[in-house]
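# What the coordinates show
One-letter residues, chain by chain:
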Amino acid sequence: FLSLSLQAKMSRPVQAQRLEGIDKNFWVDFVKLAATYSKANLGQGFPDFPAPDFLTEAFTRALSGGNHMLHQYTRAFGHPPLVKVLAQFFEKLLGRDVDPMTNVMVTVGAYQALFCCFQALVDEGDEVIIIEPFFDCYEPMVKMAGGTPVFVPLRPNPPKDGKLMSSADWRLDPAELASKFSERTKAIVLNSPNNPLGKVFSRGELGLIAELCVKHDVLCISDEVYEWLVYDGKQHVRIASLQGMWDRTVTVGSAGKTFSVTGWKVGWVVGPDRLLQHLRTVHQNSVYHCATIAQEAVAQGFQRELMLYGKPESYFVQLCKELQQKRDWLVQSLDGVGMKPIVPEGTYFLVADISQFKSDVPGVPSSDEPYDYRFAEWMVKNKGLAAIPLSAFYSKAHKKNYGNFIRFCFAKEEATLKAASDILQKWKQEKTS
Ligand code: PMP
């Protein structure tokens, strides 16, 4: 027995090399901290209000409505009713023909859509340009595919008139962006509206990116999961609709964000067959298939939205209106206590400057942890308010430069937002008294 157990003990490294350096993930720590300590959780990006009735009713109908085949596998690359309605929707949005069978693929959330993109399109040695700050999984996903991330920052240009900063004040430097493109560049990742800043890229900015993609024959992975959450009458422009871009763009979306059901994990990719055929290979040989009932319900949700497109009863219109009010409320509340908000043009996130609160939260001098990590951890443990450090959305080399901000999610019930605001007001009073 003894010799057998000695033999059974493995001494070789078990971890695949491609996981080196990406095995630590801040979400694990922050989700746990929020679950343990938070009285108001404005951290992770999910709504705490109910999903729309028409969608949950569609789910219940799919579950027990008599079509027992909805409990079985459906088409691997997407349940036919869902890919059909997504194709109809995107034909309208992109102003071109979209074939449900070859130009749309359904995935397990936008996460799996992104994973398929990187695995299918990025090779060993390829460079992938990522605009900072970025949704954090892009970097490890590029690395797992063998690629090298190349970062280019959105640079803040503070307004001179004493107004609050807007996410539109964070801009790419055109020359800096152009300098990142080379013959090694395979793709650029675009996320508009952007998590965490809420920046909605303008037509001009997208035009610049498109021009560089065409010039250098580069692909665009466009993460548009917040496509419906754009405020103040601004317009979300889809880069795939710009000249020369359809053929080189994959557009990623999420029912979780679109219909406030992040737990359902239904996402999709829309793009040309010449790209999607390779994503299908990854999907087929990894996940293969997504839950049929959730796809059926999301299909019905989209059918409703297609009928009500642009009308006041549309959920997309209503959710956006409600979230804009929540944004305005949180902006006012943060501004009132001196935690200066950067007003987001889109998404349900808001980044705020913590400089005026720093004296209460000493940094650890010897630690290489960015200051905002320490601040966010202290805040949830001592004040019960959960938020996410902005530096989590930067590459390792640049984290230190952005340690003065935290990100709040405002897709929350009024009571949650009020609780957060009360905590901050009390904190502010304690500081001044
Ligand atoms: N992209 C971005 C920019 C996101 O913020 C998120 C979710 N936080 C996702 C993709 C993943 O979406 P899903 O939940 O549909 O997998």
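Rules used in this analysis
Residue numbering note: each chain is counted from 1, following its sequence as written. Predicted model: local features are reported for residues with pLDDT of at least 70 only, side-chain atom pairs are reported and counted for 80 or more only, and whole-chain, interface and lining totals are derived from all residues. Side-chain figures throughout are based on the complete set of non-hydrogen atoms in the structure, without hydrogens or water. The salt bridge definition used is simple: a Lys or Arg side-chain nitrogen within 4 Å of an Asp or Glu carboxyl oxygen. Using a 1.4 Å probe on the protein chains alone, a residue whose accessible area is under 20% of its type maximum counts as buried, one over 50% counts as exposed, and one in between counts as partly exposed. Buried Ala, Val, Leu, Ile, Met, Phe, Trp, Tyr and Cys residues form a nonpolar core when they are joined through side-chain atoms within 4.5 Å. Here, residues are in contact when the closest pair of their heavy atoms is within 4.5 Å. Every helix listed is a DSSP run of H or I at least four residues long, and every strand listed is a run of E at least two residues long, numbered separately from the N terminus. Any N or O atom pair separated by 3.5 Å or less is treated as a polar contact, with the protein-specific requirement of one donor-capable and one acceptor-capable atom, and with residues adjacent in sequence counted only for side-chain atom pairs. Note on pairing: two strands pair once DSSP finds at least 2 bridges between them. Any residue with a heavy atom lying within 4 Å of a molecule or strand is counted as near it. Throughout, the Shrake-Rupley method with a 1.4 Å probe supplies accessible areas, and for residues the shown protein chains are the sole cover considered. Amino acid classes used here: Ala, Val, Leu, Ile, Met, Phe, Trp, Tyr, Cys and Pro are nonpolar; Asp, Glu, Lys and Arg are charged; the rest, including Gly, are polar. Note on geometry: axes are C-alpha line fits, over the in-contact stretch for helices, and angles between N-to-C directions span 0 to 180 degrees. UniProt positions are given in the numbering used here, feature names are shortened, and annotations may be inferred rather than shown by experiment. How far each domain reaches was decided by an automatic or database domain assignment. Once two parts are put together, the accessible area they lose, assessed with a 1.4 Å probe and summed over both, is termed the buried area.

## Here's the deal with the pattern of salt bridges
Applying the stated rule across the entire model yields 20 salt bridges. With a closest N to O distance of 2.8 Å, Glu205 and Lys199 form a salt bridge. The exposure class of Glu205 is buried, given its relative accessible area of 16%. Using a relative accessible area of 1% as the deciding quantity, one classes Lys199 as buried. Salt bridges here are not isolated pairs; linked through shared partners, they connect Glu224, Glu227 and Arg238.

## Comments concerning the nonpolar core
Counting residues in each nonpolar core, the largest one holds 145 residues, and the members touching the most others are Phe118, Met339 and Phe408. Once residues within four sequence positions are removed from consideration, Met339 is found in contact with Leu334, Ala352, Asp353, Ile354, Phe357, Phe375, Ile406, Phe408 and Leu424.

## Describing unusual backbone geometry
Following Glu132, the chain continues into Pro133 via a peptide bond in cis, with omega recorded as -5°. Positionally, Pro133 belongs in the loop between strand E3 (127-132) and helix H6 (138-144). For the bond running from Ser192 to Pro193, omega is -10°, close enough to zero to count as cis. Looking at the secondary structure, you find Pro193 in the loop between strand E7 (185-191) and helix H8 (203-215). A positive phi angle is found at Tyr288, which is not glycine, with a value near 70°. For Tyr288, the position within the fold is in the loop between helix H10 (273-284) and helix H11 (292-307).

## Let's talk about the side chain of Ser254
With respect to the secondary-structure elements, Ser254 resides in strand E9 (residues 249-254). With relative accessibility at 7%, the residue Ser254 sits in the buried group. Reaching out from Ser254, the side chain makes a polar contact with the backbone nitrogen of Lys257 at a distance of 3.2 Å.

## Observations regarding the pairing of strand E15 (residues 405-409)
Among the five residues in E15, five count as buried, and that is most of the element. Bridging between strand E12 (residues 349-353) and E15 involves five bridges; their strand directions are antiparallel. Directly across from Phe349, in E15, lies its bridge partner Cys409. Alignment of strand E14 (residues 388-389) against E15, held across two bridges, turns out to be antiparallel. Looking across to E15, one finds that Ile388 is bridged to Arg407.

## Remarks on the site of the ligand
The environment of the ligand is made up of 13 residues, and the closest members are Ala110, Asp223, Tyr226, Ser254 and Lys265. A distance of 3.0 Å separates an oxygen atom of the ligand from a polar atom in the backbone of Tyr111. Within the contact set of the ligand, a nitrogen atom lies 2.5 Å away from a side-chain nitrogen or oxygen of Asp223. Relative to its unbound accessible surface of 400 Å², the ligand loses 92% to contact with the protein. Top contributing element to the shell around the ligand by residue count: helix H5 (residues 109-121), with three residues. For the shell around the ligand, a count of residues per class yields six nonpolar, four polar and three charged.

## Comments concerning the sheet that holds E14
Spatial ordering of the open sheet is given by E11-E12-E15-E14, a layout of four strands whose pairing is antiparallel. Looking along the sheet, the strands with just one partner apiece sit at the ends: strand E11 (341-342) and E14. The sheet strands contacting helix H13 (residues 371-383) are E14 and E15, and the helix crosses E15 at an angle near 50°.

## Thoughts on the side chain of Glu176
Tracing the backbone shows Glu176 in helix H7 (residues 174-180). On the accessibility criterion, Glu176 (16% relative accessible area) is buried. Not counting the four nearest positions on each side in its chain, Glu176 is found in contact with Val152, Pro153 and Arg155.

## Remarks on the UniProt feature "domain: Aminotransferase class I/classII large" (unreviewed entry) in the chain
UniProt marks residues 39-420 with the feature "domain: Aminotransferase class I/classII large" (unreviewed entry), using the numbering shown here. Counted over residues 39-420, helix gives 37% and strand 16%. Its end C-alpha atoms are 8 Å apart.

## Some words on the sheet that holds E3
Overall, mixed pairing links the seven strands, which are arranged E2-E10-E9-E8-E7-E3-E4 in an open sheet. The strands lining the two open edges of the sheet, one partner per strand, are strand E2 (104-107) and strand E4 (148-153). The average undirected angle you get between the axes of adjacent strands in this sheet is 20°. Sheet topology note: the strand E8 (residues 219-223)/E9 ladder contains four bridges and is parallel. Its bridge partner lying in E9, Asp223 is registered against Val252.

## As for the domain arrangement of the chain
What the domain assignment reports for the chain is domain 1 (25-51 + 314-432) and domain 2 (53-308). Each side of the interface is counted separately: domain 1 has 39 residues, and domain 2 has 44 residues. Taking both sides of the interface into account, the surface hidden between domain 1 and domain 2 amounts to around 3,600 Å²; carbon and sulfur atoms contribute 60%. Inspection of the domain 1/domain 2 interface yields two salt bridges. Among the ionic pairs, Lys234 bridges to Glu345, the shortest N-O distance being 3.6 Å. Where domain 1 meets domain 2, there are 23 residue pairs in polar contact (both at pLDDT 80 or more). Elements represented by at least two residues in the side of domain 1 that touches domain 2 include exactly helix H2 (26-37), helix H12 (315-337), E11 and E12. It is H12 that contributes the most residues to the side of domain 1 that touches domain 2, nine residues altogether. Looking at side-chain class alone, the side of domain 1 that touches domain 2 contains 26 nonpolar, eight polar and five charged residues.

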